Amino acid sequence: NTLDEAQSDIRELRARGIRRYILVTSDYHTARAGRIFRREGRDLDVRVISAPDPYWANGEWWKDREGQKLWFNEFIKTIANFLGI
């Protein structure tokens, strides 16, 4: 999951002496991933860049079922993250 990845990646970045990095993730995932990586690596400078996802369709996710599922899953994970679940 994103938290595990953030903890592992940040540990490796610190071990290598890296203080600034770019996080590239799916466009629908940038906000949550950015929050998690910033929280876990408060001492590091991160820039979050979105990569296009065919199901997100430039933010027109509601037009097909796969996009709707992506949105729903990201919404649930965002709420869970805020609640610390």
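Refer to the structure presented above.
What counts, and where the lines are drawn
- Residues numbered from 1 in each chain as written.
- Predicted model: local features only at pLDDT ≥ 70, side-chain atom pairs only at ≥ 80, totals over all residues.
- Heavy atoms only, no water.
- Helix = DSSP H or I, 4+ residues; strand = E, 2+ residues; numbered from the N terminus.
- Expected span 1.5 Å × (residues − 1).
- Buried < 20%, exposed > 50% of the residue type's maximum accessible area, 1.4 Å probe, protein only.
- Arc of directions from axis to C-beta.
- Contact = heavy atoms within 4.5 Å.
- Core = buried A, V, L, I, M, F, W, Y, C linked by side-chain atoms within 4.5 Å.
- Salt bridge = Lys/Arg side-chain N within 4 Å of Asp/Glu carboxyl O.

### Observations regarding helix H1 (residues 2-15)
With 14 residues, H1 extends 20 Å from end C-alpha to end C-alpha; this agrees with the ideal 20 Å at 1.5 Å per step. Within H1, burial applies to Thr2, Ala6, Ile10 and Leu13. Considered in projection along H1, the buried side chains sweep an arc of 60 degrees and stay on one side of the axis. Every exposed residue of H1 that faces more than 90 degrees away from the buried side is listed here: Arg11 and Ala15. Its buried side turned inward, H1 meets strand E1 (20-26) and helix H2 (30-40).

### Here's the deal with the nonpolar core
Of all hydrophobic cores here, the largest spans ten residues; its members are Ala6, Ile10, Leu13, Tyr21, Leu23, Ala33, Ile36, Phe37, Leu44 and Val46. Elements with a contribution of two residues or more to this core: H1, E1 and H2. Beyond its immediate stretch of four places on either side in the chain, Ala6 contacts Ile36, Phe37 and Glu40.

### Topic: the pattern of salt bridges
As enumerated under the stated definition, the model contains nine salt bridges in all. Here Arg20 ties to Asp45 by a salt bridge, and the two come within 3.2 Å at their closest N and O atoms. In this pair, Arg20 is assigned in strand E1 and Asp45 in strand E2 (residues 45-51), connecting sequence segments 25 residues apart. Across the salt bridge formed by Lys69 and Glu66, the nearest N and O atoms sit 3.0 Å from each other. Taken as a pair, Lys69 and Glu66 lie in helix H3 (residues 65-83) at a separation of three residues, close to a single helical turn. Taking the relative accessible area as the measure of exposure, Lys69 reaches 35% and is therefore partly exposed. Several salt bridges converge on common partners, so that one network encompasses Arg14, Arg19 and Asp43.

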